[in-house]
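Residues per chain are reported as follows:
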Protein chains: 2
Amino acid sequence: MEHKTASADEDVEAGTEGPPPGLDTRVVRIVRQTLADQVYGDLKELLLAGRAAPGERFTLRGLASAIGTSAMPVREAVSRLVAENALEVLPNRAVRVPLMPRARFKELRLIRCSLEGLATETAVRAASDAEIAEVEGFERLFAAERDKPEPDGAAAMCHNKDLHFALYRAAHLPTLFQMIEGLWLQIGPVLNLDFRAGPDRVRQGEAHIRHAAMVAALKARDPEAARTALVADIWSAGDFILSRNVLPD
Amino acid sequence: MEHKTASADEDVEAGTEGPPPGLDTRVVRIVRQTLADQVYGDLKELLLAGRAAPGERFTLRGLASAIGTSAMPVREAVSRLVAENALEVLPNRAVRVPLMPRARFKELRLIRCSLEGLATETAVRAASDAEIAEVEGFERLFAAERDKPEPDGAAAMCHNKDLHFALYRAAHLPTLFQMIEGLWLQIGPVLNLDFRAGPDRVRQGEAHIRHAAMVAALKARDPEAARTALVADIWSAGDFILSRNVLPD
DNA sequence: ATCTGTTATCTGTGATCACACATAGCAGAC
DNA sequence: GTCTGCTATGTGTGATCACAGATAACAGAT
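Residues numbered from 1 in each chain as written. Chains lettered and ligands numbered in written order. Predicted model: local features only at pLDDT ≥ 70, side-chain atom pairs only at ≥ 80, totals over all residues. Heavy atoms only, no water.

1. Some points on the protein's contact with DNA strand D
Around DNA strand D sit 17 residues in total, of which Leu35(A), Ser70(A), Asn92(A), Leu60(B) and Arg61(B) are the nearest. Within 4 Å of the protein, atoms of DNA strand D come from sugar and phosphate in 57% of cases. Contacts to DNA strand D include Ser70(A), whose side-chain N or O atom sits 2.5 Å from a phosphate oxygen. Here a base nitrogen of DNA strand D sits 2.7 Å away from a polar atom, N or O, in the side chain of Arg61(B). (Near = heavy atom within 4 Å. Polar contact = N/O pair within 3.5 Å; in protein donor to acceptor, adjacent residues only side chain to side chain.)

Right, here's the structure in full:
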């Protein structure tokens, strides 16, 4: 179908003067979007945005009828997410969003420091000027949200995610980026608890200090300083959640 | 069924004196083993053991008929492995063992140093005496294989894996362990290329030196030294593979 | 009234069928 | 002889059906 459309365009636009050399750059790249991929993306978004609470159970058929497909694509999407620890199957075969015991939360925090620290160091060395500017832009958005009289926790959370991910993307290490994404998928449901703590969290938190230090180190091309600031950011946010005593165990 | 069996045992053995408190410790824990899990385990074993070459293609139906099941469990197992980057689907929808370009190999090596370094440090602090002895046992097996007149590369490789995994398991961080396992799943097919280089690789390699240093640091409870030795082990093995110029790109 | 044993409904798992697409092989034209 | 276009086969994807097991509601006994 792709080729046919291209030929039609060609006939209309260029007439009989033969195919111009840049034709294959003009056709849009075909993106295979299987139903399972869509469901997978939807569930991923759900978890990343923190719209699914830990311990929440659901059924394949229920999801399927909600989305409007059969149970099959849902099964595949769920099995993928289970493989990434973003969902879990109980011994009863029930599917749910995993609980987050304190020990598991601490372990994930430790892993995050290691992996995101590595990504940060690498990004500081490898980022282009445009990528640095992008990170700085998200940092400004976050700071602006924080300085509002009525900060929106969800918006701040989103800018925070964009900031971190823009930084990690600048490391140009695709597998590492994907692993970090997997970690955020797991902590997403509990990060939700963080910004739901109310606007005070945004204002009182140390996040903006750490973010400013990260951007400064990025612009100064100082990998160690950037890593230190990032680890402090992750650690203090974790301390805040742990101090709220909302995690089981 | 589990409960019924337990009651029957109870009636016969203990008569009418009521259920003894330790009854639930006598019944074997039920292990749910779905077909998809079995296929997943088989494919995992295949990749970890390096019996699947990078770029090798296969079909769901082919695998299904080889195992003796329908295509459905294979689909689920494959989709899980794809989520872990242990397999990949081409834009043509074909399934294959991923290729390993040099850049990707270097990236994985970097991530391994970070994650396995973290696991090693933690293990040195948290390992029990029994776990230390276990690691040392595998180190002896590896060294013994190396000192044989005709070293078996596959056996040495296996002992190497057992040694590393016993160490990481001793960190008692299940998620971290699982992520490391996922990394080995990805490099498994190319590690195969390493020990297939012939028995010389086993003898000439620096692995035994690093392993001895790791065990020594473990017994001395010196996390930094253990991490240094481990990183050197990973790095030099990677250098060897890179120097053989068998990786594409 | 509480507890136990049963039954009904539902859920995940696996098999089978149907379809769209991709690859390979072959025939025809230049 | 080389290339284009068509056809046949096979593959992944999705839907539907069948079954084992789990949950929950209910009836009966103590």
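2. Some thoughts on the sheet that holds strand β2 (residues 88-89) of chain B
Residue and element names in this part refer to chain B. Reading across the sheet, the three strands line up as β1-β3-β2 and stay open at both edges, with antiparallel pairing between neighbours. Of all the strands in the sheet, the pair left with one neighbour each is β1 (57-58) and β2. Examined bridge by bridge, β2 and strand β3 (residues 95-96) share two bridges and lie antiparallel to one another. Of the residues in β3, the one forming a bridge with Glu88 is Arg96. (Pairing = 2+ DSSP bridges. Helix = DSSP H or I, 4+ residues; strand = E, 2+ residues; numbered from the N terminus.)

3. Details of the protein's contact with DNA strand C
In the vicinity of DNA strand C lie 16 residues, with Arg61(A), Thr34(B), Leu35(B), Ser70(B) and Asn92(B) positioned nearest. Counting only atoms of DNA strand C within 4 Å of the protein, the sugar-phosphate share comes to 61%. The side chain of Arg61(A) places a nitrogen or oxygen atom 2.7 Å from a base nitrogen of DNA strand C. The separation between a phosphate oxygen of DNA strand C and a polar side-chain atom of Thr34(B) is 2.7 Å. Elements with a minimum of two residues in the surface near DNA strand C: α3 (60-67) of chain A together with α2 (35-48) and α4 (71-83) of chain B. A per-class count over the surface near DNA strand C returns six nonpolar, five polar and five charged. (Nonpolar A, V, L, I, M, F, W, Y, C, P; charged D, E, K, R; others polar.)

4. With respect to the relation of the copies chain B and chain A
Note on the copies: chain B fits chain A at an RMSD of 0.1 Å, the axial shift is 0.0 Å, and the rotation between them is 180°. Accordingly, the operation relating the two chain copies is best matched by a two-fold axis. Taking C-alpha positions as the reference, the residue of chain B nearest the rotation axis is Arg80(B), at 2.4 Å. Both copies present the same face, since 100% of the interface residues in chain B are matched by interface residues at the equivalent positions in chain A. (Least-squares fit on C-alpha atoms with pLDDT ≥ 70 in both. Contact = heavy atoms within 4.5 Å.)

5. Digging into the interface of chain B and chain A
Counting residues at the interface gives 27 residues for chain B, matched by 27 residues for chain A. For the pair chain B and chain A, the two sides together bury roughly 2,500 Å², of which 58% comes from carbon and sulfur. Applying the counting rule to chain B against chain A returns zero salt bridges. Counting across the chain B and chain A interface gives eight residue pairs in polar contact (both at pLDDT 80 or more). Of all the secondary structure elements, the ones that give two or more residues to the side of chain B that touches chain A are α4, α5 (102-126) and α8 (174-195) of chain B. (Buried area = accessible area lost by both parts, 1.4 Å probe. Salt bridge = Lys/Arg side-chain N within 4 Å of Asp/Glu carboxyl O.)

6. A word on the packing of aromatic side chains
All names here are of chain A. Across all of its chains, the model carries six aromatic pairs over all chains by this definition. Judged by centre distance (6.3 Å) and plane angle (50°), the ring pair of Phe165 and Tyr168 falls under tilted. Taken as a pair, Phe165 and Tyr168 lie in helix α7 (residues 153-169) at a separation of three residues, close to a single helical turn. Tyr168 matches Phe165 in its accessibility class, with the two residues each being buried. (Phe/Tyr/Trp six-rings, centres within 6.5 Å; stacked < 30°, edge-to-face > 60°. Buried < 20%, exposed > 50% of the residue type's maximum accessible area, 1.4 Å probe, protein only.)

7. Observations concerning the sheet that holds strand β1 (residues 57-58) of chain A
Residue and element names in this part refer to chain A. Here three strands make up an open sheet; going across it, the order is β1-β3-β2 and the pairing antiparallel. The sheet is open, and its two edges are formed by β1 and β2 (88-89), each paired on a single side. Where β1 meets strand β3 (residues 95-96), two bridges bridge the pair, whose relative direction is antiparallel. The residue bridging Phe58 from the neighbouring strand is Val95, located in β3.

8. Some points on the packing of helix α3 (residues 60-67) of chain B against α4(B)
Residues and elements named next belong to chain B. Across the interface, α3 lies against α4 with an axial gap of 8 Å and an inter-helix angle of 120°. In the crossing of α3 with α4, the sense of the turn from one axis to the other is right-handed. Contact residues: Leu60, Leu63 and Ala64 in α3; Ala71, Val74, Arg75 and Val78 in α4. Here the residues of the contact of α3 with α4 sort into six nonpolar, no polar and one charged. (Axes fitted to C-alpha atoms, helices over the stretch in contact; angles between N-to-C directions. Left-handed = near helix turned anticlockwise from the far one by under 90°.)

9. What to know about the environment of Asp233(A)
Residue and element names in this part refer to chain A. Checked against the element boundaries, Asp233 lands in helix α11 (residues 223-243). For Asp233, a relative accessible area of 7% translates into the label buried. On a C-alpha basis, the gap between Asp233 and Ala213 in space is 9.9 Å, while along the polypeptide they are 20 residues apart. Not counting residues within four places of it along the chain, the set of residues in contact with Asp233 comprises His164, Ala207, Arg210 and His211. Reaching out from Asp233, the side chain makes a polar contact with the side chain of His211 at a distance of 3.3 Å.

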